[in-house]
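Results of the structural survey
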Amino acid sequence: MERLILFVYQNRAFFTFLLLEFFCTWLIVENNAYQGSKFFNSSNGVVATMNALSQSVRDYFMLTEVNRTLSEENAILKKKVTQQRIDILPPQYTITDSSFINQYDFVSAKVVNNHVDMVKNFITIDKGLDAGIEPGMAVISPLGIVGKVKLVSSHYGVVTSILHIDVMVSAVLKRTEHFGTIQWDGSNPDLVDFKYIPPHVSPVVGDTVMCSGFNAVFPEGTMIGVVDQVQLNKDALFYDIKVRLSQDFRKLSFVTIVKNNRHVEQDSLEQVIQKLER
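Residues numbered from 1 in each chain as written. Predicted model: local features only at pLDDT ≥ 70, side-chain atom pairs only at ≥ 80, totals over all residues. Heavy atoms only, no water.

1. Here's the deal with the overall build of the protein
Summing up its helical and strand segments, the protein has six helices and 12 strands in all. Within the span of the protein, comprising 278 residues, buried residues form 32% of the whole. Sequence-distant contacts in the protein: of pairs separated by 6 or more residues, those separated by 24 or more amount to 58%. Accessible surface, the protein as shown: approximately 17,900 Å² in total, 59% of it carbon and sulfur. (Helix = DSSP H or I, 4+ residues; strand = E, 2+ residues; numbered from the N terminus. Buried < 20%, exposed > 50% of the residue type's maximum accessible area, 1.4 Å probe, protein only. Contact = heavy atoms within 4.5 Å. Areas by Shrake-Rupley, 256 points an atom, 1.4 Å probe, with all protein chains shown as cover.)

Here's what the structure looks like:
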């Protein structure tokens, strides 16, 4: 405190000069209309700039919460869209089975860990048993397919990414309605292989590839990507097709977990058939 007082005392002439300068400026602004208007216009501009900068900083730190809100709204909208598709069916195809109408539920989650640089990649999300998440559930994003829940704890879940060399997903070429299988080869995280498309089909670059629905995990019509490369070798039984994923996994931040309420029923029936055929 003594040093502060000593500093002010030693520089008293300078502080007095500043005080007089501020006082003179105030007199000029207060007693001259032109100078006064210029001063207040300038000060308003400075204040507006500072407020805009401050708001930009606040908005930046609120992005996580904004994204979470949008993800939750997206999950709700997916549920409504699924029900709306049933509502617009012609009268002769009207569905009254509540279990079918409410077949899918959607839960949003934040990605807390993600890998794309290994041959078997996994994703960690911040939802688990507390949110009703169970192993085997599909995970998608607003842009397309992501993976399948592998393990869960009370508050977290581990997802097997589509960028996993052992993961295979039934897919369909939208334009021609031919079915095949999507599988990653472990190299480029932007591209996956689209297998088992026979030579009589004519896939072209830009064709849309979606989930076929031939499983009890991913909803039919979920986006996978677009055809990026097409090649047919001599005497080959199938095309070599590369599909560019619609979701960039390097930018994955929020996902939606799909709960198929009829999954157990379908799996149980298929297992019965398999046992009978043995």
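2. A word on the nonpolar core
Among the nonpolar cores identified, the biggest contains 43 residues, and Ile182, Phe194, Val209 and Ile224 are the most heavily contacted of them. Filtering out sequence-adjacent residues up to four positions away, Ile224 remains in contact with Ile145, Ala171, Ile182, Val209, Met210, Cys211, Val243, Arg244, Leu245 and Ser246. (Core = buried A, V, L, I, M, F, W, Y, C linked by side-chain atoms within 4.5 Å.)

3. A few points about the confidence of the model for the protein
The share of residues in the protein with pLDDT of 70 or more is 67%, and the mean pLDDT across the chain is 79. Considering each helix and strand of the protein separately, the mean pLDDT is smallest for helix H5 (residues 98–101), with a value of 44, and largest for strand S8 (residues 191–195), with 97. Scored below 50 in pLDDT, residues 85–101 makes 11 contacts in the model with residues more than four places away or belonging to other chains. (pLDDT = per-residue confidence, 0-100.)

4. Quick notes on the packing of aromatic side chains
What the rule picks out here adds up to one aromatic pair. Plain terms: the ring middles of Tyr196 and Phe238 are 5.6 Å apart, the flat faces sit at 85 degrees to each other, and that makes the pair edge-to-face. On the criterion of sequence distance, the pair formed by Tyr196 in the loop between S8 and strand S9 (208–211) and Phe238 in the loop between strand S10 (223–231) and strand S11 (240–245) is long-range, its members being 42 residues apart. A relative accessible area of 42% means that Tyr196 is categorised as partly exposed. Above the face of the Phe254 ring, Lys110 is positioned so that its terminal group lies 5.9 Å from the ring centre. (Phe/Tyr/Trp six-rings, centres within 6.5 Å; stacked < 30°, edge-to-face > 60°. Lys NZ or Arg CZ within 6 Å of the ring centre and 35° of its normal.)

5. Here's the deal with unusual backbone geometry
With a phi close to 70 degrees, Tyr196 is a non-glycine residue in the positive phi region. Positive phi, close to 65 degrees, is recorded for Asp235, a residue that is not glycine. Examined against the element boundaries, Asp235 turns out to sit in the loop between S10 and S11. For Asp235, a relative accessible area of 72% gives the class exposed.

6. Some remarks on the sheet that holds strand S6 (residues 168–173)
Taken in spatial order, the six strands close into a barrel running S6-S7-S8-S11-S10-S9, and their pairing is antiparallel. Between one strand axis and the next, the sheet turns through 40 degrees on average, direction left out of account. (Pairing = 2+ DSSP bridges. Axes fitted to C-alpha atoms, helices over the stretch in contact; angles between N-to-C directions.)

7. Some thoughts on the environment of Gly132
Its place among the elements puts Gly132 in the loop between strand S2 (120–125) and strand S3 (138–141). Relative accessible area serves as the criterion here: at 28%, Gly132 is assigned to the partly exposed category. Along the primary structure Gly132 and Ser154 are separated by 22 residues, whereas in three dimensions their C-alpha atoms are 9.5 Å apart. When sequence neighbours within four positions are dropped, the list of residues in contact with Gly132 reads Met137 and Lys259.

8. Topic: the pairing of S3
Of the two faces of S3, the one lined by Ala138 and Ile140 and the one lined by Val139 and Ser141 are each fully buried. Examined bridge by bridge, S3 and strand S4 (residues 144–152) share four bridges and lie antiparallel to one another. Along S4, the bridge assignment pairs Val139 with Gly147. Here S3 folds back onto S4, and the loop between the two strands holds two residues. In the sheet, S3 pairs with strand S12 (residues 254–260) via three bridges, with the strands oriented antiparallel. Bridged to Val139 within S12 is Ile257.

9. A word on the sheet that holds S12
Strand order in the closed barrel formed by six strands is S1-S2-S5-S4-S3-S12, and the pairing between neighbours is antiparallel. Taken over all neighbouring pairs, the strand axes of this sheet differ in orientation by 45 degrees on average, direction set aside. Two strands pair when backbone bridges link them, and strand S1 (residues 104–114) and S2 are joined in this way by three bridges, in the antiparallel orientation. Directly across from Asn113, in S2, lies its bridge partner Thr124.

10. Section: the environment of Phe249
One can find Phe249 in the loop between S11 and S12. On the basis of relative accessibility, which here comes to 1%, the residue Phe249 falls in the buried class. In the structure, Phe249 is positioned 134 residues away from His115 in sequence and 8.3 Å away in space, judged by C-alpha atoms. Residue contacts for Phe249: discarding those within four places in its chain leaves Asn114, Val116, Ile123, Ile145, Val146, Ser161, Ile162 and Leu163.

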